[in-house]
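Inside the fold
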Amino acid sequence: MHIHPVILSGGSGTRLWPLSRAALPKQLLPLVSERTMLQETVLRLSGIADITPPTLVCNHEHRFMVAEQMRAIDVAPEAIFLEPVGRNTAPAAAVAALALIAQDAEALMLLLPADHLIGDVAAFERAVAQAAEAAQAGQLVTFGILPQTPETGYGYIQRGIASSHWDGVFAVARFVEKPSREIAQGYLQSGDYFWNSGMFLFKAATFINELRAFRPDILAACQAALDNSQRDLDFVRLDTQAFTACPSESIDYAVMERTKNAVVVPADIGWSDIGSWSALWEVGVKDDAGNVMRGDVYCDGASNNLIRAEGRMVAVIGVSDLVIVETSDAIMVAHKDCVQDVKKVVEHLKQHNRTEHLSHTRVFRPWGWYEGIDAGDRFQVKRIMVKPGEKLSLQMHHHRAEHWIVVSGTARVTRNEEVLLLTENQSTYIPLGSTHRLENAGKIALHMIEVQSGAYLGEDDIVRFEDIYQRS
C-alpha cells in the first residue's frame, strides 16, 4: 500500500500582503522557518511509511520557483501539473487522481495544501496512519483539527458516531460554514466539532468514482485537460481550453458534503493555515514582551507586536498589538484585530491599476532574478543576478537600449553576430533593436547593473527568438 502525497500550491495569496504577492504567494515564502511553506510541507512527509515522491499542482506562473524549491531540498517530484487558471481544489485533485490511477489503480492519495503549518509532525504521522486503514477500505477521510478557540474564520466538521472498524475514526455528521462567534463558542464547548483542515486521504479511484456520481462535468473537463496536456521541460501543462472550462469548486462542495462515505480523523497536530498576520503572530517565537520579530528590528516599550523587516531597519516604540511589515516598496501597519482588512488594500491597488499586489521589486525568473533600483523619465536601473550555467532568452527590444555593467562574475554576451566575455568592472552597450543574450559563463553567481533608456521600458517590450525555458 503506497501513499501518494498531492500538494496543492495554486493559491495567489492576498491575506499576507505586502509580503505575499500574486507572483510570490505565501506557500513560496519562508514564514515560520528558513524554509518556505511548500518546502516544509514536503519535508514533513519523510516519516510516513510507504510514502512516494510528491505530486505537485501549481499555477503555471510559479512553475520555476516550485521546481527550484524542490531542487533546493533534494526532492524529485513524481510530477508537477501546471494549472493555466485557478479552479479551486476539486479540479486540482481530480487531475492528480486521474494521473495516479493510470500508474497505480489502488493508489492512496494524501491531499495537502502547500501553505499549512503543522507543529507536531509525529502526531500528524499517527493521524495519517489511522486514516490510511479507513481510506484503503473505501472511505474518504478528512482531518479535523481539535479547536482551541471559537474561530470564525474556519469551516467546521461535526463528528457522528465512532467507527466500529477503525480506532480514532468517526462518521461525518455534517460540514458547517464559517459560523458567528456565538455559534463557534457553542461548537467549542460541545466537543463534537473540529476545524476543517482541508486535508484529505482517500483512494484516488474512490474519489474519481464519487466525482463521477456527483460532478461529472468537473471530471470530464479534468480528463480532457489531462488527455490534451503537454510535457514542458519537467512539467505537465494542462490543456488551457479544457481546464478553463472546468467549474471552480472545492472538494467539500463537490464531493465531501454529498458522499455517504465521509469520515473524520481528529488531529491534534499543532495546525494553522497561517491565514492572517495575527495567525502568524500566534505561532511565532516571542520575546519576553510578546513581540514576534524578524529582520533588523529595534523595540522599546513595545509588546505583543508582529514586526517583520525585509530590507530596512524598523524601530518600534511604545506600541502594542500591532502588525508592522516592511518591504522594499510597501509598509503596512495594522492592529492585530484588523488584519482581515488587508484584502481591502489589495482591492484598492487593483482598482487603481497599481502593481504592489502583483510582485515585489525583486522579480524571480528561472535564470535568477532582477530588481528595480531606480526609474524616471525615459530611464530605468536594475540589479540582475544570473545563476551559474543559466542564460536569458535570445531577444530583442523595439523601444529601449541597455547598458550592462558587471559587478561580479563572468558574463557571456551575445550582441547580434558578436560574442564577448565580460568580467568584473567591465561593461557593454546593447543598442535598440539589437538581438542579444546574457549568460553566466562562470561558476559563481553573475551580478550586474542594467541601465535601460528609451521611450517605453515595460517588460512586455520583448521579442524572444530562442529560450531554453520554453517561454513565449
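Conventions used here
Residues numbered from 1 in each chain as written. Predicted model: local features only at pLDDT ≥ 70, side-chain atom pairs only at ≥ 80, totals over all residues. Heavy atoms only, no water. Salt bridge = Lys/Arg side-chain N within 4 Å of Asp/Glu carboxyl O. Helix = DSSP H or I, 4+ residues; strand = E, 2+ residues; numbered from the N terminus. Buried < 20%, exposed > 50% of the residue type's maximum accessible area, 1.4 Å probe, protein only. Pairing = 2+ DSSP bridges. Axes fitted to C-alpha atoms, helices over the stretch in contact; angles between N-to-C directions. Contact = heavy atoms within 4.5 Å. Expected span 1.5 Å × (residues − 1). Phe/Tyr/Trp six-rings, centres within 6.5 Å; stacked < 30°, edge-to-face > 60°. Core = buried A, V, L, I, M, F, W, Y, C linked by side-chain atoms within 4.5 Å.

**Overview of the pattern of salt bridges**
Using the criterion set out here, one finds 25 salt bridges in the structure. E106 is paired through a salt bridge with K203; the nearest N and O atoms lie 2.8 Å apart. Of this pair, E106 sits in the loop between α3 (89–103) and β4 (108–113) while K203 is found in strand β9 (residues 193–203), placing the two residues 97 residues apart along the sequence. Residue classification places E106 among the partly exposed positions, given a relative accessible area of 45%. Owing to a relative accessible area of 16%, K203 belongs among the buried residues under this scheme. One salt bridge connects E356 with R354, and the closest N-O pair in it is separated by 2.6 Å.

**Let's talk about the sheet that holds strand β20 (residues 362–365)**
Judged by pairing direction, the sheet is antiparallel, and its six strands sit side by side in the order β20-β21-β22-β29-β24-β27 without closing on themselves. Each edge of the sheet is formed by a strand with only one pairing partner; in this case those strands are β20 and β27 (427–430). On average, each strand axis in the sheet is tilted by 20° relative to the strand beside it, whichever way the strands run.

**Side note on the environment of S434**
Summarising the element assignment, S434 is placed in the loop between β27 and β28 (436–440). Judged by its relative accessible area of 6%, S434 falls in the buried class. S434 sits 19 residues away from R415 along the chain, and the two C-alpha atoms are 6.6 Å apart. Excluding anything up to four places from it in sequence, S434 contacts Q395, M396 and N416.

**Side note on the sheet that holds strand β16 (residues 306–309)**
Pairing within the open sheet is mixed, and its four strands lie in the order β14-β16-β18-β19. Single-partner strands in this sheet number two, and they are β14 (292–294) and β19 (331–335). Mean inter-strand twist for the sheet, computed between neighbouring axes without regard to direction, equals 5°. Judged from the three bridges that link them, β14 and β16 form a sheet pairing that is parallel. By the bridge assignment for β16, V292 is matched with L306.

**Overview of helix α4 (residues 121–136)**
With 16 residues, α4 extends 22 Å between its outermost C-alpha atoms, agreeing within 8% with the 22 Å of an ideal straight helix rising 1.5 Å per residue. Of all the residues in α4, the buried ones are A123, F124, A127, V128, A131, A132, A134 and A135. Contact partners of the buried residues in α4: β1 (3–9), β4, β5 (117–118), β6 (140–145), β9 and β12 (262–267). The first or second residue beyond α4 is G138, which carries a positive phi of 100°.

**So, the packing of aromatic side chains**
On inspection of all chains with the given rule, the structure shows nine aromatic pairs. Residues F64 and F235 carry aromatic rings whose centres are separated by 5.7 Å and whose planes lie at 85° to one another, so their mutual orientation is edge-to-face. Pair noted here: F64 is in helix α2 (residues 63–72) and F235 is in strand β11 (residues 235–237), with a separation of 171 residues, a long-range link. Of the two residues, F64 and F235, neither departs from the other in class, the shared state being buried. Centre to centre, the rings of F200 and F202 are 6.3 Å apart; their planes meet at 35°, and the pair counts as tilted. The buried category is assigned to F200, whose relative accessible area is 3%. The buried category is assigned to F202, whose relative accessible area is 0%. Here the aromatic residues F64, F235 and Y469 are joined through ring pairs into a cluster of three or more.

**Section: the pairing of strand β21 (residues 368–376)**
When β20 meets β21, the two strands line up antiparallel, connected through four bridges. Note on β21: the bridge partner recorded for F364 is W369. Taking the residues between adjacent antiparallel strands as the criterion, β20 and β21 are bridged by two residues. For β21 and strand β22 (residues 379–386), the ladder comprises eight bridges, and the chain directions are antiparallel. Its bridge partner lying in β22, E371 is registered against R383.

**Thoughts on unusual backbone geometry**
Here the bond from W17 into P18 is cis, since omega is 10°, no more than 30 degrees from zero. Positionally, P18 belongs in the loop between β1 and α1 (37–43). Phi at D74 is positive, roughly 60°, even though this residue is not glycine. Mapped onto the elements, D74 comes out in the loop between α2 and β3 (79–83). D74 gets classed as exposed once you look at its relative accessible area, which sits at 73%. Notably, N353 is not glycine yet its phi reads approximately 55°, a positive angle. Along the chain, the position of N353 falls in the loop between α11 (342–351) and β20. The class for N353 is exposed, based on a relative accessible area of 70%.

**Regarding the nonpolar core**
One finds L110, F124, L201, W277 and L438 to be the most contacted residues of the largest nonpolar core, which totals 91 residues. The biggest single contributor to this core is α4, with eight residues. Every residue in contact with L110, bar those within four places of it in the chain, is listed here: I3, H4, P5, V6, L45, I48, F124, V128, F143, F200 and L201. Core analysis: the second largest hydrophobic core is formed by 47 residues, L111, F202, A242 and A254 among them.

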